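Chains, contacts and geometry: an overview
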Amino acid sequence: MLGAVFVVVCKKLLSSEVGAAPIWYADAIAIAYLYRSPVRDWPLLLAAYVAGNVVAGASINFGVDVALIYTCVGLTEILLAAALLRRFCPEEDRFDELRRWLRFTFFSAIVPPLASAGIGSAIASVRMDVPYASLVLPWYLADAIGILVLLPLALHCRPENLRAALGPALLGRFLAVSAVAIGSVFVLLEVALLPFVFVSLPLIWAATRLPVLQTLLLVFLTVTALVFRYVGVEAHPNPALMSGSLQPHTASLVLSIFVATLPAYAMALYTNIERNRNARIVEVESSFRAAVENSRIGMLLVSLEGRILQANRSFGEFLQYSSGELEGRSVFDITCREDRDSSRAFWRDFVSGRQQAPHLELRYLRRDGAVVWGHLSFCHARDVNGEPLYSVAQIEDIDWRKRSEASLMEAKERLQVTLSSIADAVIATDVQRHINFMNPVAEQMTGIGFEEARGQPIESVFHITRGRDGKPLDHAVAECLQRGEIVYGADGTVLHSRDGRTYDIKHSASPLKNERGALLGAVTVFQDVSESRQLIRQLSYKASHDDLTGLPNRDAFKRELLDAIDSVRGGDRCHSLAYIDLDRFKVVNDSAGHLAGDALLKKVSKYLRGLLRASDSVARLGGDEFGLLFRHCNAEQAKLRCEQLIRQIVSLRFPWNERIYDVGASVGITEINRHNDRLGDLLSQADVACYSAKHASRGTVMIYEREQSAAADQHREIIMASAIREALDERRLALCVQPIAATGNIVAINHYEVLVRMVDDYGSLILPAAFIPAAERYGLMPQIDRWVVDEVLVRRAAEVARAGLHFSLNISADALGDGSFQSHLIEVLEKTSIPLSRVGFEITETAVINQLENAGYFVARLREMGCKVALDDFGNGLSSFNYLKAFSVDFIKIDGSFVRQVESNFVDSIIVESIHQVAHRLGAQTIAEYVEDASTEARLRTIGVDLVQGYHIGRPKPLEALLSDGCEVKQLAVAASD
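Residues numbered from 1 in each chain as written. Predicted model: local features only at pLDDT ≥ 70, side-chain atom pairs only at ≥ 80, totals over all residues. Heavy atoms only, no water.

Within the chain, the secondary structure is distributed over 38 helices and 30 strands. For the chain, the C-alpha radius of gyration of 66 Å lies well beyond 30 Å, the compact-globule estimate for 978 residues. The 978 residues of the chain split such that 47% are buried. Nonlocal contacts in the chain, meaning residues at least 24 apart in sequence, comprise 64% of its contacts between residues at least 6 apart. Surface exposure of the chain reaches about 48,600 Å², of which carbon and sulfur atoms provide 55%. (Helix = DSSP H or I, 4+ residues; strand = E, 2+ residues; numbered from the N terminus. Rg over C-alpha atoms; globule rule 2.2 N^0.38 Å. Buried < 20%, exposed > 50% of the residue type's maximum accessible area, 1.4 Å probe, protein only. Contact = heavy atoms within 4.5 Å. Areas by Shrake-Rupley, 256 points an atom, 1.4 Å probe, with all protein chains shown as cover.)

In structure tokens, the structure reads:
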């Protein structure tokens, strides 16, 4: 649209009636659009331009074909100019430098118009039969002047420039200046009748007062107005226009008009360059002042005489002055007194040129009188001739650094003294493991002085091995530097000094790092631990060896056993473990004293070591017991070897105080194999086998066999004793009751006997015959009796009382002789809610025999409290009737061995009858045990026995079941049995 408008303007308004357009603006508009637009948009823009020109040409009576031909000629100029400008003038600031403006003019208004004028003139010459030379120059001038006048203005018409130019202030100035300038131009030409050269005067004046865009607009308006007014003139009052050859040549007149505006172009260019230069100067000056004022480093502008011209805020804060207080003062007044003379001399040398720009560390006086350190650097500000104007000084506050350096030096000195005074040896290295420090202790232990070792690899000074005769060890420093963390040396490290001495050491290497974590080196610290390691070795020996004999002790022997156990797992190997217990050692110890016993043990120990193989082990387990480990030896082979050992020990003679003593030995053996590989079981088996051998016959060897030996029986009792303890702890005991009825009427229950059972881990009941012997052997009966008493008389007392039961509890021989059990039972009887007339106790004949005195007193006490007492298993002893004289009882239970065959055996019948008669004479009732059938019960009834008990009367059943049945109060007692 703009191109079409300018086609009409240039052809209709600015041209003479018959002449060509003296100035052509349309191509300048097209060049501006192509220059600003991406290349991909050019086809559309060019098509629009061609269409606009053809339409405009047709509107002014141009033929379409003619308009199209000349428009295509113009495209040559447009495309060439746009391409050259985009290639060689990509900058937008073409009015900022003269060379840029000249380059822009060359590629826009010189080269492209030449191409367009040449082609267009040739076409016009052929069509109109006009000389070619007469067409080229006017065509070229019209295109070139149009581009020079309008293209810069079009390229400057950017939104930001237009907004600034159209501001109220600038717009008002532009209108005023433009009115004055254009008016002056026409006054000069119309009134003063001066030539075109005077037109430049008002335009130059306007160019000095307007921005570039407004100046370009003014030039465009002026040129357009002058062309409109004077081109094609026939006669004019101004003689300059009518004289010479200008009259018939429009191109020359337009050229004159354009040349008259060139000074305005030049002034606009110069003014813009100066404005930009001044703006940059102001910007630089402002930036410099802002940088000086806001710098965190103190900055001064100092005259060549040493006076402060300006000081920034940071320098004022450095010395606690305000900027105004420092201005005008000499820089030497604020310098520390000790540094003033050297500062003045240095300043004179610098100002005179004898000294280059210096860097000094000076002390300054703060306002409060304190001395602070600053790092001074300065340079001259010079004029265009290189002469110094003033100096710019920078003073950086380094007081903190100087104080830190002093502190570091003090800390370094303190560290050096500390490292030289400590008992540990210290060696420091760099990252290449070269030594850079050694303290005196390290020098003494390595046998090398620091000056000799400095810079040497640590491996050449610090020689370490594993043990005194072991292989050399890798240094912890290398690993420390590789991993970047503390590395501790191996145990057992030995340091070899240059002078041949060796030290047991403990050492470590630690990395040295800076604040960013970068490695600086490593520090090795080592201590002489020879004495402590010797002490540890002694303690370790004592911890694993017997003090008296020097043999390994029990703990060390267990470790040997564990190694042997590991070797048999998963294979067919076997070893043998033997326990040796000396016979008649107590005789020597008691008769000759402990010193003799100790000497005997030493001799036996030495003897045993001499009789064993190198692969075997012997240890003293305690007292006169020794442990032997026969490696790669089964039980039978070990038995043969142990029998030889016994013969050797028996043959041993031990003289002491003019007397000769001899000893023997008993040995228990168990085999270590893959089926028997638990340490606890093996120790227990060997101990039991030795115990069995000692009790079977002294001087014998017994092998532990799980199912066939007395040792195995003994071991089972030990295991059962352990199970009883666990059952007591976990309350896995249960109570059953068995009825005792009157003879002849077994339905009438007189009382019940309470029987104790043990419950195993699977909930099955274990009968008394299986666990009572072990409990008796290992002293657990008092605990069982106490549990039964507490269960019946305390915890279940209320239930038993409600049921109206009469019962009896068994008391073992051990419990009968235990004073604490008796006291506890009496206390429980005094507190129980059960009437004591319903409570009875059974005491075995064996208990009476072993505890006759205690039994008599205790039975009497129980009967005084109202309890019933029965003498159990009566008839077993040869003097059974004799014990009845010692105390009175309420019941006598005839031993079951006489009752079982009372019907068929005449002697048993006579014994039962005798016991019954004696009991009745003493006021006691008789109870027959083990009544298994009716015929036995009938015979006992014939004899006159009062009460009977056995499977014929009733089998034992749980106490809970009896209590849940709701027994009648008339049922009498329940008897308790272990």
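From this point on, the discussion continues.
Moving on, we get to the environment of Phe-318. Inspection of the secondary structure assignment puts Phe-318 in helix H13 (residues 313–319). Classification of Phe-318 as buried rests on a relative accessible area of 10%. Put simply, Phe-318 and Ile-69 are 249 residues apart on the chain and 80 Å apart in space, counted from C-alpha to C-alpha. Residues within four places of Phe-318 in sequence aside, it is in contact with Tyr-364, Arg-366, Val-372, Trp-373, Gly-374, Ile-395 and Asp-397.

Next up on the list: the nonpolar core. Counting residues in hydrophobic clusters, the biggest one holds 77 residues, and the most contacted among them are Tyr-25, Ile-78, Leu-85, Leu-150, Leu-151, Val-199 and Val-223. Considering every element that reaches this core, the biggest residue donor is helix H6 (residues 132–156), with twelve residues. Grouped together as the second largest cluster of nonpolar side chains are 75 residues, Ala-797, Ala-815, Ile-834 and Ala-924 included. (Core = buried A, V, L, I, M, F, W, Y, C linked by side-chain atoms within 4.5 Å.)

So, on to the environment of Val-9. With respect to the helices and strands, Val-9 occurs in helix H1 (residues 2–13). Overall, the relative accessible area of 22% leaves Val-9 in the partly exposed class. Between the C-alpha atom of Val-9 and that of Arg-569, which follows or precedes it by 560 residues, the distance is 117 Å.

Another point: H6. For H6, which comprises 25 residues, the first-to-last C-alpha distance of 36 Å matches the rise-based estimate of 36 Å (1.5 Å per residue) to within 8%. The element H6 is largely enclosed, with a buried count of 18 among its 25 residues. (Expected span 1.5 Å × (residues − 1).)

A separate point is the packing of helix H21 (residues 554–568) against helix H25 (residues 679–696). For the pair H21 and H25, the least separation of the axes is 11 Å and the interaxial angle reads 115 degrees. Of the two possible hands of crossing, H21 and H25 adopt the one that is right-handed. Note on element contacts: H25 touches H21 through Leu-679, Leu-682 and Leu-683, opposite Lys-558, Leu-561, Leu-562 and Ile-565. Among the residues forming the contact of H21 with H25, the class breakdown is six nonpolar, no polar and one charged. (Axes fitted to C-alpha atoms, helices over the stretch in contact; angles between N-to-C directions. Left-handed = near helix turned anticlockwise from the far one by under 90°. Nonpolar A, V, L, I, M, F, W, Y, C, P; charged D, E, K, R; others polar.)

Right, let's talk about the packing of aromatic side chains for a bit. In the structure shown here, the tally under the stated rule is ten aromatic pairs. Between Phe-6 and Tyr-25, the aromatic rings sit 5.7 Å apart at their centres with planes inclined by 75 degrees, giving edge-to-face as the arrangement. One end of the pair, Phe-6, is in helix H1; the other, Tyr-25, is in the loop between H1 and helix H2 (26–36), with 19 residues separating them in the sequence. With respect to class, Phe-6 is no different from Tyr-25; both count as buried. Seen in terms of ring centroids, Trp-347 and Phe-350 are 6.2 Å apart; in terms of plane orientation they differ by 45 degrees. Their pairing is tilted. Residue Trp-347 and its partner Phe-350 are both found in helix H15 (residues 337–351); the two are separated by three residues, about one turn of the helix. For Trp-347, a relative accessible area of 11% corresponds to the buried category. Among the residues examined, Phe-350 registers a relative accessible area of 6% and is labelled buried. Chaining the aromatic ring pairs together yields one cluster made of Phe-6, Tyr-25 and Phe-220. Over the ring of Phe-88 we find Arg-87, and its NZ or CZ is 5.0 Å from the ring centre. Seen from the ring of Tyr-951, Arg-955 lies directly overhead, with NZ or CZ sitting 4.0 Å from the centre. (Phe/Tyr/Trp six-rings, centres within 6.5 Å; stacked < 30°, edge-to-face > 60°. Lys NZ or Arg CZ within 6 Å of the ring centre and 35° of its normal.)

Here His-507 shows up in strand S11 (residues 502–513). Residue classification places His-507 among the buried residues on the basis of a relative accessible area of 6%. Aside from chain neighbours lying at most four places away, what touches His-507 is Phe-462, Ile-464, Ala-476, Tyr-488, Gly-489, Ala-490, Thr-493, Val-525 and Phe-526.

For the rest of this paragraph, the subject is the pairing of strand S18 (residues 664–672). Of all nine residues that make up S18, eight are buried, and the element is covered over most of its length. With nine bridges joining them, strand S13 (residues 575–583) and S18 adopt antiparallel strand pairing. Within the sheet, the bridge partner assigned to Asp-581 lies in S18 and is Ser-666. Bridge count for S18 against strand S19 (residues 701–703) is three bridges, and the pairing is parallel. For Gly-668, the partnering residue across the bridge sits in S19 and is Met-702. Once you follow S18 into H25 and on to S19, the crossover reads as left-handed. (Pairing = 2+ DSSP bridges. Right-handed = clockwise from strand over helix to strand, strands pointing away.)

Turning our attention to the pattern of salt bridges. The full count for this structure, using the stated rule, is 32 salt bridges. Ionic pairing is found between Arg-641 and Asp-616, a salt bridge with its closest N-O pair at 2.8 Å. You can see Arg-641 sitting in helix H24 (residues 635–651) and its partner Asp-616 sitting in the loop between helix H23 (594–611) and strand S14 (617–622), a full 25 residues away along the chain. With a closest N to O distance of 3.0 Å, Glu-791 and Arg-796 form a salt bridge. (Salt bridge = Lys/Arg side-chain N within 4 Å of Asp/Glu carboxyl O.)

The next subject is the pairing of strand S17 (residues 659–662). Here strand S16 (residues 653–656) pairs with S17 via four bridges, running antiparallel. Among the inter-strand pairings, Trp-656 is bridged to a residue of S17, identified as Arg-659. The turn joining S16 and S17, which pair antiparallel and follow one another in sequence, is formed by two residues; a positive phi near 50 degrees is taken by Asn-657.

Quick look at the confidence of the model for the chain now. Averaged over every residue, the pLDDT of the chain is 82; the share at 70 or more is 91%. When pLDDT is averaged over each element of the chain, strand S28 (residues 947–948) comes out on top at 94 and strand S30 (residues 973–977) at the bottom at 37. Segment residues 243–248 is flagged for pLDDT under 50; beyond a separation of four residues in sequence, or across chains, it makes eight contacts in the model. Contacts for the low-pLDDT stretch residues 967–978, under 50 throughout, to residues beyond four places or in other chains number 71 contacts. (pLDDT = per-residue confidence, 0-100.)

All right, on to the sheet that holds strand S1 (residues 298–302) then. What the five strands build is an open sheet, ordered S2-S1-S5-S4-S3; its pairing is antiparallel. Of all the strands in the sheet, just strand S2 (308–311) and strand S3 (359–365) have a single pairing partner and so form its edges. Neighbour-to-neighbour, the strand axes of this sheet turn through a mean angle of 30 degrees, independent of strand direction. Relative to strand S5 (residues 388–397), S1 is paired through five bridges, and the arrangement is antiparallel. From the neighbouring strand, Leu-301 faces S5, where its bridge partner is Val-392. Relative to the sheet, H15 contacts S1, S3, strand S4 (371–382) and S5, its axis offset from that of S3 by approximately 140 degrees.

What follows is about unusual backbone geometry. For Arg-433, which is not a glycine, the phi torsion comes out positive at approximately 70 degrees. With respect to the secondary-structure elements, Arg-433 resides in the loop between strand S6 (425–430) and strand S7 (435–438). Backbone geometry at Arg-584 places phi at a positive 60 degrees, although glycine is not the residue there. Relative to the helices and strands, Arg-584 is located in the loop between S13 and helix H22 (585–592). Classification of Arg-584 by relative accessible area gives partly exposed; the value is 37%.

Below, the discussion takes up the sheet that holds S13. If you walk across this open sheet you meet the five strands as S14-S15-S13-S18-S19, and the pairing is mixed. Since the sheet does not close on itself, it has two edges, and those belong to S14 and S19, each with one partner. Looking at each pair of strands side by side, their axes are set apart by 20 degrees on average, direction ignored. Here H23 sits on the sheet and contacts S13, S14 and strand S15 (625–630); the angle it forms with S15, its principal contact strand, is near 5 degrees.

The relative placement of two packed helices comes down to the angle between their axes together with the axis-to-axis distance. One way to put it is that H2 packs onto helix H3 (residues 42–59) with a least axis distance of 10 Å and a crossing angle of 165 degrees. The angle between H2 and H3 places the two elements in the roughly antiparallel class. At the point where H2 passes H3, the crossing takes the right-handed sense. Along the contact surface, H2 presents Ala-26, Asp-27, Ala-30, Tyr-33 and Leu-34, while H3 presents Trp-42, Leu-45, Leu-46 and Tyr-49. (Parallel < 35°, antiparallel > 145°, perpendicular 65-115°, else oblique.)

Once that is clear, we can look at a nonpolar patch on the surface. Together, Leu-162, Leu-166, Leu-171 and Leu-175 line one region of the surface with nonpolar side chains, adding up to about 340 Å² of accessible area. One can find Leu-166 in the loop between helix H7 (159–165) and helix H8 (168–191). Classification of Leu-166 by relative accessible area gives exposed; the value is 55%. (Patch = residues over 30% accessible without salt bridge, like charges linked within 9 Å, V, L, I, M, F, W, Y side chains within 5 Å.)

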